[in-house]
Amino acid sequence: MVAALNPDYELIYIDKEADKVFLKNQFFKNMVSLSTVEYEIIRFYSENPDPQKVFQHFSEQYEMPPDFIYLLVQKAEASGLLVSDGYLQRKEKVLTTSGKRADNTWFYLIVAKVQSLLQALGLNARLELRGSFKYYRLVSFDLDNTWLAKMCSFSFVQTAFFVLYFVSLVSLLYSLVNIESYQLSWNFARIGHSQGSLAILVLFAGVVAVTLLHELGHFILYKTFGGVTSEMGIALMTGIIPTLYVTTSSLPLWKHRWQRILVMAGGIIVDVLVLLVFAYIGYTSNSGAVSFYAFILSFMQVYRIYFNSNPLIPRTDGYFIMCDILSNPTFHSTPYPHTPDLLKNLKTFNIKSVTIKELGHAFYFVLSMLLMILNYLMFLLPLTLFFI
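Residues numbered from 1 in each chain as written. Predicted model: local features only at pLDDT ≥ 70, side-chain atom pairs only at ≥ 80, totals over all residues. Heavy atoms only, no water.

Visitor: Residues and numbers for the nonpolar core, please.
Guide: In terms of nonpolar packing, the biggest core is built from 20 residues, with Leu-23, Leu-34, Ile-41, Ile-42, Val-54, Ile-69 and Leu-81 touching the most fellow members. Every element with two or more residues in this core is listed here: β3 (20–25), β4 (31–35), α1 (36–47), α2 (51–59) and α3 (68–79). Residue contributions to this core peak at five residues, all from α1. Setting aside residues no more than four positions away along its own chain, Leu-34 makes contact with Asp-19, Lys-20, Val-21, Leu-23, Tyr-39, Ile-42, Lys-75 and Leu-81. In terms of nonpolar packing, the next biggest core, distinct from the first, is built from twelve residues, Phe-22, Phe-225, Leu-251 and Val-263 among them. (Core = buried A, V, L, I, M, F, W, Y, C linked by side-chain atoms within 4.5 Å. Buried < 20%, exposed > 50% of the residue type's maximum accessible area, 1.4 Å probe, protein only. Helix = DSSP H or I, 4+ residues; strand = E, 2+ residues; numbered from the N terminus. Contact = heavy atoms within 4.5 Å.)

Here it is in structure tokens:
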């Protein structure tokens, strides 16, 4: 009997103004929208699969025709929101016999075993292993019911975050402006060599810490404006650069653009504060080693802010903000269809057929490619400090 809520559907957004909820299938990626009442009825039906009993329970609160429950259940079954007990077994069969998985069933079975092991260790993790060379997701962690998700959902914590942020920002700026002398006598090259492998470990730990803070900025703002999902993951950018991400799958559904932009800029906002902290420590510390680490991490923060705020680099915060402002979610891939015609017109000197829009897209695409090459070089630049 069909009576269970599909575990693959995740509640991602609650539109209080329209009185709707949005659920997304994490496996097939399709989305279902229901009124809050319909969702409440379906949840009740999944626990009490008796249409007559469900009707009696809700008819006291809401006016509805006698066949409403039957029609709603049929709708939920058709969308896959309500499934039978054998759903998971059928899904396993689909995974191992369809699409690209069919060519490598053993690969999927290994992935499934690793995922089961992670969950057995208490980590509610899901191996993603999907994406492209530009952005490839490796694994995601469900933070629902964790202390972090609960804490970030409290309005008191959200308010405290904003107050602490602005007070710290103003205090650090004031302190840096009033430093009497910015001259340092430390020999950073000598300190870097003396620290040896310890320097690499400390800097690696620092990068991991500031990356977590960056994603926390996204996460808190996402929760502040009503984000429901609580998922964080690990991905690779441009094939080799590891990065963390926060799942904000409901963001396109939000009505207010300024809220979407603030969530996308949340990481950069935190990065600016962290940069000022490192700079203050670097200029005020009496320890050469501490100043060394602080200034190297400051340099990395400057690069992080430049990288994440740059709209010319795909999949960065700045790129997504630009796409939202232009209402074009695939701006970087837009030049591809125009490129052959553009080259043909330029080759034949048919300048009149070339539009300003085509030239702008082509210029953006070329500049974007050059910047991505430059980023690979800048990514390796901090390592040269140990060989000066």
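What follows picks up the thread again.
Visitor: Account for the pattern of salt bridges, naming residues and giving values.
Guide: Applying the stated rule across the entire model yields three salt bridges. Two residues, Glu-38 and Lys-75, come together in a salt bridge whose shortest N-O distance is 4.0 Å. Residue Glu-38 is located in helix α1, and its partner Lys-75 is located in helix α3; the two are separated by 37 residues in the primary sequence. Exposure remark for Glu-38: the relative accessible area of 17% places this residue in the buried category. A salt bridge links Arg-260 to Asp-324, with the shortest nitrogen-to-oxygen separation between them at 2.7 Å. Of this pair, Arg-260 sits in helix α10 (residues 257–284) while Asp-324 sits in helix α12 (residues 317–326); the two residues are 64 residues apart in sequence, bridging distant segments of the chain. Residue Arg-260 is classed as buried on the basis of its relative accessible area, which comes to 11%. (Salt bridge = Lys/Arg side-chain N within 4 Å of Asp/Glu carboxyl O.)

Visitor: I'd like a description of the pairing of β3, backed by residues and values.
Guide: The side chains of a regular strand alternate between both faces of the sheet. Across six bridges, the pairing between strand β2 (residues 9–15) and β3 is antiparallel. Bridging across to β3, Asp-15 finds its partner in Lys-20. The loop that links β2 with its antiparallel partner β3 comprises four residues; one of these, Asp-19, has a positive phi angle of about 60°. Across five bridges, β3 lies against β4 in antiparallel orientation. (Pairing = 2+ DSSP bridges.)

Visitor: Lay out the environment of Val-73 with the relevant residues and their values.
Guide: Turning to its location among the elements, Val-73 is positioned in helix α3. Residue Val-73 is classed as buried on the basis of its relative accessible area, which comes to 9%. Considered as a pair, Val-73 and Ile-42 are 31 residues apart in the sequence and their alpha carbons are 7.1 Å apart.

Visitor: So, a nonpolar patch on the surface: which residues are in play, and what are the values?
Guide: Among the surface-exposed residues, Trp-147, Met-151, Phe-154 and Phe-156 lie close enough to one another that they form a single nonpolar patch of about 530 Å² accessible area. Relative to the helices and strands, Phe-156 is located in helix α7 (residues 155–177). Judged by its relative accessible area of 67%, Phe-156 falls in the exposed class. (Patch = residues over 30% accessible without salt bridge, like charges linked within 9 Å, V, L, I, M, F, W, Y side chains within 5 Å. Areas by Shrake-Rupley, 256 points an atom, 1.4 Å probe, with all protein chains shown as cover.)

Visitor: Account for the sheet that holds β3, naming residues and giving values.
Guide: If you walk across this open sheet you meet the three strands as β2-β3-β4, and the pairing is antiparallel. Only two strands of the sheet have a single partner each, and these edge strands are β2 and β4. Neighbour to neighbour, the strand axes of the sheet diverge by 25° on average, direction disregarded. Here α1 sits on the sheet in contact with β2, β3 and β4, set at roughly 100° to β4. (Axes fitted to C-alpha atoms, helices over the stretch in contact; angles between N-to-C directions.)

Visitor: Please provide a residue-by-residue account of the packing of α1 against α3, values included.
Guide: Close contact between α1 and α3 brings their axes to 11 Å; oriented N to C, the two are set at 85°. Overall, the two elements α1 and α3 adopt an arrangement that is roughly perpendicular. Here Glu-38, Ile-41, Ile-42 and Tyr-45 of α1 come into contact with α3, specifically with Phe-68, Ile-69, Leu-72, Val-73, Lys-75 and Ala-76. A class-by-class count of the residues in the contact of α1 with α3 yields eight nonpolar, no polar and two charged. (Parallel < 35°, antiparallel > 145°, perpendicular 65-115°, else oblique. Nonpolar A, V, L, I, M, F, W, Y, C, P; charged D, E, K, R; others polar.)

Visitor: Tell me what's going on with the side chain of His-218, and back it up with residues and numbers.
Guide: Within the element layout of this structure, His-218 appears in helix α9 (residues 197–224). Once residues lying within four places of it in the same chain are set aside, the contact partners of His-218 are Val-263, Met-264, Ala-265, Gly-266, Gly-267 and Asp-317.

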